[in-house]
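# Summary of structural features
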Amino acid sequence: MAYDEGLAERIRELLVDVPGVHERRMFGGLAFMLHGNMFVGVVGSRLMARVGLEQYEKSLRRPHVRVMNFTGRPMKGYVYVEERGTREDADLAGWVHQCRSYVATLPPKAARPAAP
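Notes on the structure in this doc start here. It should be emphasised that the depicted structure is a prediction, and the values quoted were computed from it without experimental measurement.

Quick look at the overall build of the chain now. Regarding its fold elements, the chain presents three helices and six strands. Along the chain direction, N to C, the helices and strands of the chain fall in the order α-β-β-β-β-α-β-β-α. Its C-alpha atoms put the chain at 35 × 30 × 25 Å along the principal axes. For the chain, the share of sequence-separated contacts (at least 6 apart) that also reach a separation of at least 24 residues comes to 51%. If you sum the accessible surface of the chain, you get close to 6,900 Å²; carbon and sulfur atoms cover 54% of it. Considering the chain, the positive charge centre built from 17 side chains and the negative charge centre built from 13 side chains are found 9 Å apart.

Below is the structure:
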């Protein structure tokens, strides 16, 4: 599945000066990692947002947000934000900041080798 390169570039611009961030292709799209933990990604034209369990239900009540069920069942702590929910730069920045702040509380993961 292709991903929205424009959305990916907008995320890159928000993270340009953030240490410990790297990109990785996964879930048929592109994921942004902080110290080895995925915090946001782009799948198709949607933002994949890791909000954590504490903010999960609250996040689902926001406009243009839905359950992420990539595997056929809901992934608790993760949501999809539809394109309309990230159209404004301030909205996208808010999601990226929220998810990055959550993942910053997690222990770093050991780096895995990139897929060939």
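Okay, back to it.
Counted under the stated rule, the structure contains five salt bridges. One salt bridge connects E9 with R12, and the closest N-O pair in it is separated by 3.1 Å. Of the two residues, E9 and R12 both sit in helix 1 (residues 5-15), three residues apart, roughly one turn of that helix. Where R12 meets E23, a salt bridge forms, and the shortest distance between an N and an O atom there is 2.6 Å. Taken as a pair, R12 in helix 1 and E23 in strand 1 (residues 21-26) lie far apart in primary sequence, 11 residues in all. One connected set of salt bridges, linked through shared partners, spans E5, E9, R12 and E23.

What counts and how
- Residues numbered from 1 in each chain as written.
- Predicted model: local features only at pLDDT ≥ 70, side-chain atom pairs only at ≥ 80, totals over all residues.
- Heavy atoms only, no water.
- Helix = DSSP H or I, 4+ residues; strand = E, 2+ residues; numbered from the N terminus.
- Contact = heavy atoms within 4.5 Å.
- Areas by Shrake-Rupley, 256 points an atom, 1.4 Å probe, with all protein chains shown as cover.
- Lys, Arg positive; Asp, Glu negative; His and termini not counted.
- Charge placed at Lys NZ, Arg CZ, Asp CG, Glu CD.
- Salt bridge = Lys/Arg side-chain N within 4 Å of Asp/Glu carboxyl O.

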